[in-house]
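Residue-level structural notes
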Amino acid sequence: MKKVTAIYPGTFDPPTNGHLDLIARGSKIFDELIVAILRNPEKSPLFGLAERQHMLEEMTEGFRNVTIDTFDGLTVEYASKVKASAVLRGIRAISDYEYELQMALMNRKLQPDLETVFMMPAEQYSYLSSRLVREVAQLGGSVSCLVPEMVERRLKEKLDPAIKLQNVKQSKTRKRS
């Protein structure tokens, strides 16, 4: 029987409970699932590539068939490189569907053997996006039910001026020692 490898590409800035839900469910469908963090030069992410990779590795350490990787360029080229036969994509709303359909059709045109599998999020995550999480966190709102605890902590460290100042002071103290 053929082993099916899928990629789940995205920017994951930051990773959310919705992403984790898709990863968990995708890991049950595919033999191997590669969460592929896109290095997108058109976006200015809140978290660096290494930070997002570390968060996703920590979030997925309990999944034996999930790996985290980074890529740039075309998704179809990355899929070929890792010998993936499927792309996993989440769809929350009609607006997602229109965009994702265009991407899936373009990917099919470029790489006819690469299938796109659309998955609906769990109901409690149907409105959730990284952009909304960033906005709520930047405005001081609670994101505790939207992201894993470790991601919430990293958001606070990144956005809270008092914590940022404390981290800078600790870093300077460590450098002098």
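Residues numbered from 1 in each chain as written. Predicted model: local features only at pLDDT ≥ 70, side-chain atom pairs only at ≥ 80, totals over all residues. Heavy atoms only, no water.

**Considerations on the overall build of the protein**
The helix and strand tally for the protein stands at 7 helices and 5 strands. Starting at the N terminus and ending at the C terminus, the protein contains elements arranged as β-α-β-α-β-α-β-α-β-α-α-α. Relative to the 2.2 N^0.38 estimate, which gives 16 Å for 177 residues, the radius of gyration of the protein is 18 Å and therefore close to what a compact globule would have. Among the 177 residues that make up the protein, the fraction classed as buried is 39%. In the protein, 76% of the contacts between residues at least 6 apart in sequence involve partners at least 24 apart. Total accessible area on the protein stands at roughly 10,700 Å², and carbon and sulfur atoms take up 53% of it. Across the protein, 26 positive and 23 negative side-chain charges occur, with their mean positions spaced 6 Å apart. (Helix = DSSP H or I, 4+ residues; strand = E, 2+ residues; numbered from the N terminus. Rg over C-alpha atoms; globule rule 2.2 N^0.38 Å. Buried < 20%, exposed > 50% of the residue type's maximum accessible area, 1.4 Å probe, protein only. Contact = heavy atoms within 4.5 Å. Areas by Shrake-Rupley, 256 points an atom, 1.4 Å probe, with all protein chains shown as cover. Lys, Arg positive; Asp, Glu negative; His and termini not counted. Charge placed at Lys NZ, Arg CZ, Asp CG, Glu CD.)

**Section: the packing of helix H2 (residues 49-59) against helix H6 (residues 149-159)**
It is the contact of H2 with H6, at a shortest axis distance of 10 Å, that shows an interaxial angle of 155 degrees. With respect to H6, the axis of H2 lies roughly antiparallel. Across the interface between the two elements, Glu 51, His 54, Met 55, Glu 58 and Met 59 from H2 touch Met 150, Val 151, Arg 154 and Lys 158 from H6. Tallied by class, residues from the contact of H2 with H6 come to 4 nonpolar, 1 polar and 4 charged. (Axes fitted to C-alpha atoms, helices over the stretch in contact; angles between N-to-C directions. Parallel < 35°, antiparallel > 145°, perpendicular 65-115°, else oblique. Nonpolar A, V, L, I, M, F, W, Y, C, P; charged D, E, K, R; others polar.)

**Here we look at the side chain of Ser 130**
If you trace the backbone, Ser 130 turns up in helix H5 (residues 130-138). The contact partners of Ser 130, leaving out residues within four places of it in the chain, are Phe 12, Asp 13, Pro 14, Thr 16 and His 19.

**Looking at the nonpolar core**
Tyr 8, Leu 33, Val 35, Leu 56 and Leu 155 are the most contacted members of the largest nonpolar core, which has 30 residues in total. Contributing elements (two or more residues each) for this core: strand S1 (5-10), helix H1 (17-29), strand S2 (32-38), H2, strand S3 (66-71), strand S4 (86-90), H5 and H6. Considering each element in turn, this core owes the most residues, 4 residues, to H2. The contacts of Leu 33, once residues within four sequence positions are left out, are Ala 6, Ile 7, Tyr 8, Ile 23, Gly 26, Ser 27, Asn 65, Val 66, Thr 67 and Leu 88. Ala 36, Val 76, Tyr 78 and Ala 84 belong to the second-largest nonpolar core, a separate cluster that totals 10 residues. (Core = buried A, V, L, I, M, F, W, Y, C linked by side-chain atoms within 4.5 Å.)

**Considering the sheet that holds S4**
With respect to topology, 5 strands assemble into an open sheet ordered S3-S2-S1-S4-S5, the strand pairing being parallel. Lying at the two open borders of the sheet, with one neighbouring strand each, are S3 and strand S5 (115-119). Direction aside, the axes of adjacent strands within the sheet are offset by 30 degrees on average. The pairing of S1 with S4 spans 2 bridges and is parallel. (Pairing = 2+ DSSP bridges.)

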